[in-house]
Amino acid sequence: MAVVLALMLIASALPPPARAAALDWDIPGGHYYTQTGGYAVVDGDNIAFWSEFQRLGGVQAVGYPVSRRFQWNGFTVQAMQRTVFQWRPEIGQVYFVNVFDLLTESGKDDWLYVVRQTPRPLPASFDGGKSWGELVKSRLALLDENPAIKQQFFSVVGDPILMNGLPTSRVTDMGNNYTLRAQRAVFQQWKQDVPWAKAGQVTVALGGSIAIEAGLVPVAATKLEAIEDPVLLIINQYRAAAGVPPARLNPALLQAARNHVAYYDLHRGDPSLAGMGLHQETPGATGFTGAWMGDRAKAAGYKGGVVTENAGYGDIMRAIEWFMHTAYHRVPLIHPSALDIGYAYSESSGFLIIDFGLPRDKITTPLPSVYPPPGAKDVPTSWDGGETPNPAPGIPRPLGYPISVLFAIYQTVEWKSFVLKNAAGTLTEFQVARKDWDRSAIIIPVHPLASGQTYSVTVEAVADGKPVKKEWSFTTHR
């Protein structure tokens with residue numbers, strides 16, 4: 001049931017926590033973040049929000065995106081947690097919106113005072129008769145009333161006035177904290193421990209997030225952007241080629257995979273964690289969550305069905321590509337019933353796990369599914385057969401490229417015949433590796449296929465009491 005990949009082992013010191021599905025990833029022209037639900041920051045349409053995001057310090061400086069792009073007061077803007085970007089085409093850069101000034105203009109000062117413990121702004125007379133330089137000096141002098149808040153104000157990445165705007169209130173005693181309001185942020189020093197801060201600590205209220213909470217940002221702009229996880233995306237591309245339904249990330253399987261990667265890192269070097277032992281855990285050992293993949297999935301809350309697993313080392317994208325050029329490792333990636341997926345990997349050891357859940361959901365696409373798919377071009381001619389368990393014992397390497405034939409997990413399948421012919425109609429010698437539990441059969445040519453040749457395949461079986469005949473062809477690369 002289980003399969004093992006052996007690639008490059010990456011040695012390291014103490015391991016960090018295992019990582020599951022990436023929380024953010026590169027996309028064309030920018031980056032996609034799921035930490036706040038799912039929003040992209042990109043360059044495009046002559047607006048360089050992604051370039052500016054990086055120039056201004058990235059997540060550390062401005063937080064994660066909390067909206068899409070949208071039009072606001074004649075400008076293209078996008079809300080980040082800490083601030084709101086405003087694209088200024090005349091200079092080709094971002095300005096920050098004075099969110100708390102806009103909240104005043106929108107009549108939200110009472111709401112800010114009650115809900116967000118934010119002082120009301122100083123009267124306009126505070127700046128009366130002052131030059132710009134004098135105004136800036138007097139506003140910054142308000143910070144002297146609280147050294148901790150002043151230190152936080154000037155500790156930002158980049159220009160503190162650009163990031164925060166000028167102070168617009170005095171430091172005000174708000175009960176359990178001292179607060180200073182600025183044009184783009186609010187600083188609060190807590191007098192006592194609160195769930196999010198210790199006594200004496202200064203926190204920064206996030207202007208972009210508050211703008212959304214106060215209703216300044218249109219609801220349509222906060223609609224999440226769905227951009228698929230890159231690992232799931234590449235798997236589903238292979239599944240689409242095989243003609244089966246797309247898979248989905250499953251939280252329980254993500255946790256199960258994360259748990260097993262963490263177990264591996266805790267016990268790295270244990271001789272039991274070799275070969276098929278990569279899929280096993282020892283009861284009573286530190287980090288134990290289940291002896292076998294199904295046990296670990298159940299412990300993590302998975303109830304969808306039988307579970308299988310791919311394990312290996314190295315970059316996960318390269319591992320998936322390697323899996324697809326094998327006999328056994330390919331099967332769960334493109335199995336019609338492998339609809340639930342969870343994965344994790346270790347940045348220290350390079351160990352990776354992909355867990356597959358096979359629920360008994362009815363499949364509406366025609367079965368069996370096959371790979372290489374009908375009409376495929378540039379199919380490899382051979383592979384080295386180097387996987388565990390051995391798919392073709394006793395057969396010299398290299399082998400011909402494997403051909404997968406898959407029914408759904410809930411079907412009753414009786415295999416009848418397999419035929420593989422070259423373009424001249426000559427029979428090609430092969431072996432068949434079958435796994436009855438998942439209704440799969442893999443045709444493995446005994447010798448490498450010829451380059452630039454079209455091969456035809458015929459498979460006959462009885463599925464759920466009905467005869468099935470599948471005929472298709474593919475062409476190898478030159």
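That block above? That's the structure.
What you see is a predicted model, and the numbers here were worked out from it, not measured in a lab. (Residues numbered from 1 in each chain as written. Predicted model: local features only at pLDDT ≥ 70, side-chain atom pairs only at ≥ 80, totals over all residues. Heavy atoms only, no water.)

J.: Looking at this structure, I do not really get the sheet that holds strand β23 (residues 430-435). What am I missing?
T.: The four strands lie next to each other as β18-β21-β24-β23, forming an open sheet whose pairing is antiparallel. The open sheet is flanked by β18 (369-371) and β23, the only strands paired with a single partner. The sheet shows a mean angle of 15° between the axes of neighbouring strands, taken without regard to direction. Across three bridges, β18 lies against strand β21 (residues 403-406) in antiparallel orientation. Paired with Tyr-371 across the two strands is Ser-404, which belongs to β21. (Pairing = 2+ DSSP bridges. Helix = DSSP H or I, 4+ residues; strand = E, 2+ residues; numbered from the N terminus. Axes fitted to C-alpha atoms, helices over the stretch in contact; angles between N-to-C directions.)

J.: What's the story with helix α9 (residues 230-242) in this structure? I'm lost.
T.: Every α-helical turn comprises 3.6 residues, leaving residues that sit three or four positions apart pointing alike. For α9, built from 13 residues, the straight-helix expectation of 18 Å at 1.5 Å per residue is met to within 8% by its first-to-last C-alpha distance of 19 Å. Regarding α9, the residues found buried are Val-231, Leu-232, Ile-235, Asn-236, Tyr-238, Arg-239 and Ala-242. For α9, the buried positions fall inside an angular range of 155° around the axis, keeping them on one side. Residues of α9 that are buried in the fold lie against β14 (248-249), α12 (316-324), α13 (330-334), β16 (340-345) and β18. Between the side-chain oxygen at the start of α9 and the backbone nitrogen of Val-231 there is a gap of 2.9 Å, and the oxygen is on Asp-229. After α9 finishes, the residue Gly-243 shows a positive phi value of roughly 80°. (Expected span 1.5 Å × (residues − 1). Buried < 20%, exposed > 50% of the residue type's maximum accessible area, 1.4 Å probe, protein only. Arc of directions from axis to C-beta. Contact = heavy atoms within 4.5 Å. Polar contact = N/O pair within 3.5 Å; in protein donor to acceptor, adjacent residues only side chain to side chain.)

J.: Is there a simple way to explain the pattern of salt bridges in this structure?
T.: Note on pairing: side chains with opposite charge can pair once their charged atoms come close. Under the counting rule described, the total for this entry stands at 16 salt bridges. A salt bridge links Arg-88 to Glu-90; the nearest nitrogen and oxygen atoms lie 2.9 Å apart. Asp-127 is paired through a salt bridge with Arg-139; the nearest N and O atoms lie 2.7 Å apart. Taken as a pair, Asp-127 in the loop between α4 (109-115) and α5 (132-141) and Arg-139 in helix α5 lie far apart in primary sequence, twelve residues in all. Take Asp-127 and Arg-139: they sit in the same class, and that class is buried. Residues joined in a network through salt bridges with shared partners are Arg-248, Asp-340 and Asp-361. (Salt bridge = Lys/Arg side-chain N within 4 Å of Asp/Glu carboxyl O.)

Shape is all these values report; function is a separate question.
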